[in-house]
Structure formats: structure tokens, C-alpha cells
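Take a look at the letters that make up each chain.
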Amino acid sequence: MESRSVPPGPYRATKLWNEITTSFRAGMPLRKHRQHFKKYGNCFTAEAAVDWLYDLLRNNNNFGPEVTRQQTLQLLRKFLKNHVIEDIKGRWGSENLDDNSQLFRFPANSPLKSLPRKHPELRKNSIENFSKDKDSIFKLRNLSRRTPKKLGLHFSQENVEEMNHEIINGDQENSVYNREISQKDVEEVWRHITLIYLQTILGVPSLEELINPKQVVPQYVMYNMTNTSKHGIVILQDKSDDLPHWVLSAMKCLANWPRSNDMNNPTYVGFERDVFRTIADYFLELPEPLITFEYYELFVSILGFLQPHLERVAIDALQLCCLLLPPPNRRKLQLLMRMISRMSQNVDMPQLHDAMGTRSLMIHTFSRCVLCCAEEVDLDELLAARLVSFLMDHHQEILQVPSYLQTAVDKHLDYLKKGYIKNPGDGLIVPLPTYSYCKQISAQEFDEQKVSTSQAAITELLENIIKNKSLPLKEKRKKLKQFQKEYPLIYQKRFPTTESEAVLFGDKPTIKQPMLILKKTKFRSLRY
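How each quantity is defined
Residues numbered from 1 in each chain as written. Predicted model: local features only at pLDDT ≥ 70, side-chain atom pairs only at ≥ 80, totals over all residues. Heavy atoms only, no water. Axes fitted to C-alpha atoms, helices over the stretch in contact; angles between N-to-C directions. Helix = DSSP H or I, 4+ residues; strand = E, 2+ residues; numbered from the N terminus. Left-handed = near helix turned anticlockwise from the far one by under 90°. Contact = heavy atoms within 4.5 Å. Nonpolar A, V, L, I, M, F, W, Y, C, P; charged D, E, K, R; others polar. pLDDT = per-residue confidence, 0-100. Salt bridge = Lys/Arg side-chain N within 4 Å of Asp/Glu carboxyl O. Buried < 20%, exposed > 50% of the residue type's maximum accessible area, 1.4 Å probe, protein only. Parallel < 35°, antiparallel > 145°, perpendicular 65-115°, else oblique. Pairing = 2+ DSSP bridges.

Here helix H14 (residues 358–370) crosses helix H15 (residues 380–398) at 115°, and the two axes come no closer than 8 Å. The way H14 lies across H15 gives a crossing that is right-handed. Contacts between H14 and H15 pair Arg-359, Met-362, Ile-363, His-364, Phe-366, Ser-367, Arg-368 and Val-370 from the former with Asp-380, Glu-381, Ala-384, Ala-385, Val-388, Ser-389, Leu-391, Met-392 and Asp-393 from the latter. Taken together, the residues that form the contact of H14 with H15 break down as 9 nonpolar, 3 polar and 5 charged.

Below, the structure is given as C-alpha cells:
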């Protein structure tokens, strides 16, 4: 069954749950089964359900091909617990389900989870807490109105001039030249600029249901931006918040295996497995995931962009969101992602699990200590695995410091010190660099472009073979013949006739020479 992609936004986990349960109920094949000498109609075995649901999840853009069969079985158990399914005797409410021939069926009504609604009074208080001071330092008013709903931050010249005049009039009445800016003002600027960028990247009309502005701690963002090593790793002033030395040594040992062994211990058979268990035990025993509970909804919403044609949006959004983490958490996340990424790509890494590959093991082991909800959510494990998989592939970009954010803050602070803008057209009304994305395309258009790009690359490869003068003629013929076998259409387009192919090798058409015609000699008779 073709899966729909649940768009990013608030309560995405609940929306995903409803989509999966609806797809499962509509698409799972039902038939008659016999058990204990009795026939049961419109039911299915647990094993068949795992097979069908496993295939659905792996082909769903919201989860991806790295979903394991064990994770699928866990989800099916949650279906039984939440009465999405029941056994043939009508029992449900437990997670007593195994990957076997046990029979189950759908109840008369499959309950969908209702989306929680934020109480209007709480929503009002959230807005008031953030903008209670109308005469604050911010000149970028009405965040949800000024920020475009679509990706990109663009202003027409007419709008810029109008906003410039509006600010100048206000500043001429209230501003003071070279005003002093307090530390509190600086922190509020950091908070405000961060929220503007995040909202712009996500392309949502409001962030109210994703994150409370008070959850953006400016001190965390400022520290994570400025206190870093040359590799962008956060450096902690308080070493008591850092990873223990023995954990750091173990992580370094596996990250650089087999070149580095900081543990000064003789290796033995299974040594690397013991080191890995030591690291895993430490992270799994942390009291809270590295992405703290308060940011769960925000990060889950960003997972709506893992789709290939929105990958850049997800990277940029996660880059900002990871700045919101407490510095110790960000440092641990950076070191963990660097280690598991190196391990999963290391061909010399010994097998750490009898049944799972290194990458699957990394995702399965550490997903819950990176992201989970304070209250149990039915899709927690699958969503966390999806996030960790994406972080592994893009951790270098996501966990680096975005220089544009520092530039934007510096410009805004400079604007505040000057008090107002003298020239209406100087463009400093919005002290943020232009931040835009390409126009969003459909999945079909993406696939067509992907094929086109691939063909262009293959055509370029053919041209490189043709123009390679250092390649011996015999070797060139061999490579071209192999290319013709693999990509006959592209080869035929380049060499439509045998004559065009002959020109490449300087071959002259072989013309058969006429056979030597001998003049017949007349034999004279021996008779005279």
C-alpha cells in the first residue's frame, strides 16, 4: 500500500499513529484459519501481521528501510494493548503477542487517537509571557505575520521601505544614540533571532505548539556557539558535567579502531564487545535522554522533513534545535554521533553482535538514550531510530556552529546601539541574511530529476573514458564494450552508427581487395 507522508507540525507522533493504524486495518489481508479443530473467518496470524506491517514501515517515508522486525513486533504488541487488534476470543489490553501462528482479528471499531488541544488560557499565557513588553528592544514585531508561511525569508522593496519608515518614525520618538545594551538585552536578542530562523526554516505560521519561547535558553545557545574546539565540539568549563574519563577512553578506542587503544589493556577475543557494552551501559543509564524531554515534540516534528527532497530543510532545522540543548548534552551527543558514525563505516570493526550489523546495532542501542518522550508514546522507538539514523548520516553538518546566526545577532545588536536607521533603503530593517530554499517539488519530480542526474553522471563517465589519452587502446575498447553492455541506450546515443564508433579509434573501413584475376591460358593441342 502506498504510504502518505505525514507533514511536520505539532502532535506528529499521534498523527503517525493514526496513519499507520488506518493503513494496517485497511490493507492487512484477512482469511479463514483453522485452530484447535475450529474455523475462524476474517482473521490473520501474528507472523503474517508482522510480515505485512514490517513491509509497510520499511516503505514508509516517515520511518524508512532501517526498521527492524523486532521493532515491528513491538509495535504490533502496542496495537494489541490499545485495542487496534484483538485475539480471536476478543481479548486485548496486554502485550502478549509473539511472532508465531497465534490468530488475531480487528475489532468492530478501531479507535483513532484524538489530537490533544492546548487550553486557550495556556496558549494566551504563552504568548503574553513572550511579548508582554510592547516597548522592548525588538523591532521585528508580529513574528507570525512577518515570517512567510513558505520556506524562505524574502521582502519586496515596497514592503522594506514601508517597514523602514515605520521603524524610523518610532525610533525618532523613543531611541537614544549609542544606547547601552544590558546582558539581558543580549540574551533576548539571541532568543528572538533563533526563534525567527527556526520558524522560517520550518515554514510554519507559528511555533507555539512546537516549543514555548521560554524553553529557548539564550545562555545555552550562546555557550554552544562560542565555547567549542577547532572541530566544533563543545568544551565544558565545569568538568564534573563531562563524560567520565573511562567512557571517553572507551569511545576513543572504538571510534579509532584498530589504530588507537587508549585503555592500555591487552586485547582479547571479544574485547571490543566488552568495551561497547561499557559505553552502552553508561548512556542507557542516563536519567534523561540527550535531547531533553521538553524538546521531544519539536524534534519529532522535524522528522517530517527526512524525505529526500526536503533533506536540506531537516539538516538546517536540526542544526538550530541542537543549539538549544544544555551544553553537556550537546557535547555528549556530538561525541556519541561521531563514534557510532565512524564505527558503522569502519570495515575493520569486528562484528559486535551475532545477528545485527554494526549500523543497525548502533541505532537499536542508542536511539532511546537520544530521543524519547517523558510519557510513553507508542511510536517512540521507531521515531527515535529514524532520528538517530539521520543524525549518523549528517552529524558533521547538524552539529556544527551556524555562522549566520552569530552574524545576524551581531547586526541586530549593532542596530540597537545606533537607535534607528537613517536611510530607508539601506536594507538593515531586518538584520538577518536572506535565507531561502529551492522551490519544493513533488516526490515524482524528485525521482525524475534523480534519474536525469544519474544519466548525466553516467554520460560524463563515458566521455571521460573516450577522452582519456593515457588509456591504452586495447583497454579503452574493453571498457567501452563493458559500458555498452551495462548502459546500451546511453552508448547508442553517443555512437548511433558503427562509423561514429570507428572514428574514435581511427579505424579505416575494411574494404576487401578484389581477388587476383588470372588470365586463362589457352592450352594448345598436342596434335599438329
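Of all residues in the protein chain, 72% attain a pLDDT of 70 or more, and the chain-wide mean is 77. Segment residues 119–176: pLDDT under 50, and 84 contacts once partners within four positions in sequence are set aside and those in other chains are kept.

With that out of the way, let us pick up the pattern of salt bridges. This model, assessed by the stated rule, comprises 14 salt bridges. Between Arg-77 and Asp-98 there is a salt bridge, and its shortest N-O distance comes to 3.2 Å. Taken together, the positions of Arg-77 in helix H3 (residues 69–81) and Asp-98 in the loop between strand S3 (86–87) and strand S4 (103–105) put the pair 21 residues apart, joining distant regions of the chain. For Arg-77, a relative accessible area of 15% gives the class buried.

This brings us to the side chain of Thr-72. Among the structural elements, Thr-72 can be located in helix H3. Residue class for Thr-72 comes out buried when judged on its relative accessible area of 0%. In contact with Thr-72, other than residues within four places in its own chain, are Val-50, Leu-53, Tyr-54, Leu-57 and Val-67.

Before going further, it helps to examine unusual backbone geometry. With an omega of 0°, the peptide bond between Trp-257 and Pro-258 qualifies as cis. A positive phi angle, close to 65°, is found at Phe-37, a residue other than glycine. The topology assignment puts Phe-37 in the loop between strand S1 (31–35) and strand S2 (38–45). Positive phi, close to 65°, is recorded for His-83, a residue that is not glycine. Mapped onto the secondary structure, His-83 falls in the loop between H3 and S3.

Let us look at the packing of helix H9 (residues 245–255) against helix H10 (residues 271–284). Viewed as axis vectors pointing N to C, H9 and H10 meet at an angle of 130°, and their least axial separation amounts to 10 Å. Considered as vectors, H9 and H10 are oriented oblique to each other. Classified by chirality, the crossing of H10 by H9 is left-handed. Where H9 abuts H10, its residues Trp-246, Val-247, Ala-250, Met-251, Cys-253 and Leu-254 lie against Phe-271, Glu-272, Val-275, Phe-276, Thr-278, Ile-279, Tyr-282 and Phe-283. Split into classes, the residues belonging to the contact of H9 with H10 amount to 12 nonpolar, 1 polar and 1 charged.

Further remarks concern the sheet that holds S1. Here we have 4 strands laid out as an open sheet, ordered S1-S2-S4-S3, and antiparallel in their pairing. Each edge of the open sheet carries a strand with a single partner, namely S1 and S3. Taken together, the 4 bridges between S1 and S2 define a ladder with antiparallel strand orientation. Residue Arg-34 lies in a different strand from S2, and its bridge partner there is Lys-39.

Counting buried residues along helix H12 (residues 311–321), 9 of its 11 residues qualify, which places the element largely inside the surrounding structure. Along H12, the residues that are buried comprise Val-313, Ala-314, Ile-315, Asp-316, Ala-317, Leu-318, Gln-319, Leu-320 and Cys-321.

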